[in-house]
Amino acid sequence: MSHPSPPAEADLTVDGAGLLCVALLLRLRRQIEGAPPGTVVHVIATDPAAPLDLPAWCHMTGHTYLGPVPGKQPAYALRLTADARPTRPDAPWHPVQPSP
């Protein structure tokens, strides 16, 4: 599966170095809240699962995963979309369930 080349410049950087993916996704969700669609986010992530978890989270939410960002530290790029599916604030790997 190919991804577009990530842009060199990030509109927002989320530093998740040293965090496991669960904590990384909590931080990412919190920091992108309110950011406009089209925002390019670079996520610094040292967890070995990040290259799998970030694309999966983007697929689940509808954000666009752009791929790894070249540089000295492991980082990944994504672009926020207008029609992203919301996730739970306490569990960003679970979609918000509609009220009955």
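Located above this text is the structure these notes cover.
The structure contained in this document is the topic of the report that follows. (Residues numbered from 1 in each chain as written. Predicted model: local features only at pLDDT ≥ 70, side-chain atom pairs only at ≥ 80, totals over all residues. Heavy atoms only, no water.)

### Topic: the overall build of the protein chain
What counts, and what does not: The way it works is that DSSP assigns letters per residue, a run of H or I at least four long becomes a helix, a run of E at least two long becomes a strand, and they are numbered from the N terminus. Working definition: with a 1.4 Å probe on protein chains only, accessible area under 20% of the residue-type maximum means buried, over 50% means exposed, and in between means partly exposed. Two residues form a contact once any of their heavy atoms are found within 4.5 Å. Surface accessibility in these figures is a Shrake-Rupley result with a 1.4 Å probe; residues are shielded only by whichever protein chains are displayed.
When helices and strands are counted, the protein chain shows 2 helices and 6 strands. When the helices and strands of the protein chain are listed from N to C terminus, the series reads β-α-β-α-β-β-β-β. Counting all 100 residues of the protein chain, 36% fall into the buried class. Relative to all contacts within the protein chain whose residues are 6 or more apart in sequence, the contacts with residues 24 or more apart total 66%. For the protein chain, the accessible area works out to roughly 5,900 Å², and carbon and sulfur atoms hold 59% of it.

### Structural notes on the pairing of strand S4 (residues 75–79)
Formally: At least two DSSP bridges between two strands are needed for those strands to be called paired.
By the criterion of burial, S4 is predominantly enclosed, with 4 of the 5 residues buried. Relative to S4, strand S2 (residues 40–45) is paired through 5 bridges, and the arrangement is antiparallel. Bridge pairing in S4 links His42 to Ala77. Pairing between strand S3 (residues 64–69) and S4: 5 bridges, direction antiparallel. Bridging from a neighbouring strand, Gly67 pairs with Ala77 of S4.

### Topic: the pairing of S2
To be explicit about the condition: A crossover gets the label right-handed when its path from the first strand over the helix to the second runs clockwise, viewed with the strands pointing away from the viewer.
Counting buried positions over the 6 residues of S2 gives 6, a clear majority of the element. Here S2 shows a buried face lined by Val40, His42 and Ile44 and a second buried face lined by Val41, Val43 and Ala45. For strand S1 (residues 12–16) and S2, the ladder comprises 5 bridges, and the chain directions are parallel. Its bridge partner being in S2, Val14 is matched across the sheet by Val43. The parallel pair S1 and S2 is bridged by helix H1 (residues 21–32), and the resulting crossover is right-handed.

### Points about the environment of Val43
Structurally, the position occupied by Val43 is in strand S2. Each C-alpha atom of the pair Val43 and Ala77 lies 6.2 Å from the other, and the pair is 34 residues apart in sequence. Among all residues touching Val43, those that are not within four sequence positions of it are Val14, Leu24, Leu28, Leu54, Pro74, Ala75, Tyr76 and Leu78.

### Thoughts on the nonpolar core
For clarity, the threshold we go by: Side-chain atoms within 4.5 Å are what join buried Ala, Val, Leu, Ile, Met, Phe, Trp, Tyr and Cys residues into a set we call a nonpolar core.
Residues Leu28, Val41, Val43, Leu54 and Leu78 are the most contacted members of the largest nonpolar core, which totals 17 residues. If you list the elements that add at least two residues to this core, you get H1, S2, helix H2 (50–61) and S4. The greatest single-element share of this core, amounting to 5 residues, is contributed by H1. In this structure, Ile44, Leu66, Val69 and Ala75 belong to the second largest nonpolar core, which totals 6 residues.

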